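# Structural features, examined
Below are the chains, spelled out letter by letter.
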Amino acid sequence: MVTREASFESILEHDSAGFTYFKRYASSFDLRLLLLVFGSLALLSMVIATGFAVAGAWLILPFAGIEMFALGCVGWLALRRAGDFERLAVRGDRVLVEIRERGFSQQFEFNRCWVRLVFGVAGSVALRSHGKDVVIGRYCDDESRRELVQGLRNRFDGNQISN
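Let me begin by describing the structure that accompanies this report.

Procedures and definitions
Residues numbered from 1 in each chain as written. Predicted model: local features only at pLDDT ≥ 70, side-chain atom pairs only at ≥ 80, totals over all residues. Heavy atoms only, no water. Helix = DSSP H or I, 4+ residues; strand = E, 2+ residues; numbered from the N terminus. Salt bridge = Lys/Arg side-chain N within 4 Å of Asp/Glu carboxyl O. Buried < 20%, exposed > 50% of the residue type's maximum accessible area, 1.4 Å probe, protein only. Core = buried A, V, L, I, M, F, W, Y, C linked by side-chain atoms within 4.5 Å. Contact = heavy atoms within 4.5 Å.

## Brief notes about unusual backbone geometry
Positive phi, normally seen in glycine, also occurs at H130, with a value near 50 degrees. Relative to the assigned elements, H130 resides in the loop between β7 (125-129) and β8 (132-136).

Rendered as C-alpha cells:
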C-alpha cells in the first residue's frame, strides 16, 4: 500500500512487537534551521539588491528574486528527505515493514514462515516472499546492517536465509 498523506498512521505504532528496528534518514536539516538560513540569505540578498536598485541598477531585483526562488526549491527538496524512515517489526508469525521515502509511505506485511532474507549486490539486504522483494537497511552503514541481519537471523529459521 502506497500513500502520500501527511497524517500517515503507522501500522506499528499500536503494535507491541517482539523485535523492532527503526532507522531515519541521516539529516541535520530541520524546518527551523531552513527558515533561519533562508530568511537570513533572503534579507541579505534583498538589502544588497535594493541598494543597487537605488543606485540605478534596478534590473538586479528580478535576478535576486530568481535566486531566492531557486534557493527555496533546494531547501524544499532537502526538507522532503528529512522525514524518511524505515521500520521493521517481527511479532509472532508476522513481519511488518513500513517505509517512508520522499513523501511516499509503503506498508508491507509478510508471514514469517514464508519470508526469506536475501542478499544482493553492494551489501544490500531484502526480505522476499511470494515474488515480492522489500529492501531493508537502506539508511544503515555496513556495521548497522550486519547487526540488523544478525537480529533477523535470530528470529528466522536457518533455511530462510539465501544469497
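Still more ground to cover, so stick around.
## A look at the pattern of salt bridges
In total, this model carries seven salt bridges according to the counting rule given. Notably, a salt bridge pairs R94 with E109, separated by 3.5 Å at the nearest N-O pair. Remark: E109 occurs in strand β5 (residues 104-111) and R94 occurs in strand β4 (residues 94-101); sequence separation between them is 15 residues. Judged by relative accessible area, R94 falls into the partly exposed class, the value being 30%. Close ionic contact of D133 with R128 constitutes a salt bridge, the shortest N to O distance being 2.7 Å. Given the relative accessible area of 41%, D133 is considered partly exposed. Its relative accessible area of 37% is what places R128 among the partly exposed residues. A single network of salt bridges, built from pairs that share partners, joins E86, E101 and R138.

## Observations concerning the nonpolar core
As a rule of thumb, nonpolar side chains are buried together in soluble globular proteins. If you look at the biggest cluster of nonpolar residues, it comprises 20 residues, and the most contacted ones within it are L88, V97, L127 and L152. Elements supplying a minimum of two residues to this core: β2 (19-24), β3 (85-91), β4, β5, β7, β8 and α3 (142-155). Other than its neighbours up to four places away in sequence, L127 contacts L88, V95, V97, F110, V115, R116, L117, K132, D133, V134, I136 and F156.

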